[in-house]
Amino acid sequence: MLATRANVQGMTVDPRAALDRFIAALEVHYVAVVNRRSDNDRAVDVAYDVLEDALDVYDEALAVVHSEATPFFLTDDDDDDDDDNDDDDDGDDDDDDDDDNHGDDDDLEGLSADDIATLVERA
């Protein structure tokens, strides 16, 4: 019998449910971007984090249940910053990612589409 759920980060995830959450996260991200109020709009940052998390969960569930992967690869922002700053000899030790508010998204695990929309509205 073929399993229809995957154990993702300690919880059982149905790939179909993960896909639905990923699609909802894409929609919320789009709405946040279209309705951006400023360059540092928190709603866009929250939607980005939720979208990133939803992709990770979907990709993992798909891999575990169906031995398949998506063609999407997220880069680690820290690695990109290190590469960009190799030639930076201005003497400051500031991380140049101060305007990058895409932080840890562990607290976003398991959110429904309604939860995501509520987060974006509150931000």
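Structural data are supplied above this passage.
Residues numbered from 1 in each chain as written. Predicted model: local features only at pLDDT ≥ 70, side-chain atom pairs only at ≥ 80, totals over all residues. Heavy atoms only, no water.

Student: Explain the overall build of the chain to me, and be specific about the residues and the numbers.
Tutor: Scanning the chain from N- to C-terminus turns up four helices and two strands. Moving toward the C terminus, one meets the helices and strands of the chain in the order β-β-α-α-α-α. Counting the 123 residues in the chain, one finds 32% classified as buried. Considering only intrachain contacts with a sequence separation of at least 6, the fraction spanning at least 24 residues in the chain is 64%. For the chain, the computed accessible surface area is about 8300 Å², with 45% contributed by carbon and sulfur atoms. (Helix = DSSP H or I, 4+ residues; strand = E, 2+ residues; numbered from the N terminus. Buried < 20%, exposed > 50% of the residue type's maximum accessible area, 1.4 Å probe, protein only. Contact = heavy atoms within 4.5 Å. Areas by Shrake-Rupley, 256 points an atom, 1.4 Å probe, with all protein chains shown as cover.)

Student: Residues and numbers for unusual backbone geometry, please.
Tutor: Among all residues except glycine, the phi angle is most often negative; among peptide bonds, the trans geometry is most common. Of note, Ser 67 is a non-glycine position whose phi angle comes to about 50°, a positive value. Tracing the chain through its elements places Ser 67 in the loop between α2 (42–66) and α3 (77–84). Ser 67 gets classed as exposed once you look at its relative accessible area, which sits at 65%.

Student: Could you give an account of helix α1 (residues 15–34), naming the residues involved and the relevant values?
Tutor: Taking 1.5 Å of rise per residue, the 20 residues of α1 would be expected to cover 28 Å, and the 29 Å separating its terminal C-alpha atoms lies within 8% of that figure. Of all the positions in α1, only Pro 15, Ala 18, Arg 21, Phe 22, Ala 24, Ala 25, Val 28, His 29 and Ala 32 are classed as buried. (Expected span 1.5 Å × (residues − 1).)

Student: Describe in detail the packing of aromatic side chains, supporting the description with residues and values.
Tutor: Throughout the structure, instances matching the rule amount to two aromatic pairs. With a centroid separation of 6.0 Å and 5° between ring planes, the pair formed by Phe 22 and Tyr 58 is classed as stacked. Of this pair, Phe 22 sits in helix α1 while Tyr 58 sits in helix α2, and the two are 36 residues apart along the sequence. Here the two residues Phe 22 and Tyr 58 agree in accessibility, since each one is buried. On the basis of an interplanar angle of 50° and a centroid distance of 6.5 Å, the ring pair of Phe 22 and Phe 72 is categorised as tilted. Note that Phe 22 is positioned in helix α1 and Phe 72 in the loop between α2 and α3, a separation of 50 residues in sequence. Residue classification places Phe 22 among the buried positions, given a relative accessible area of 10%. For Phe 72, a relative accessible area of 45% puts it in the partly exposed group. (Phe/Tyr/Trp six-rings, centres within 6.5 Å; stacked < 30°, edge-to-face > 60°.)

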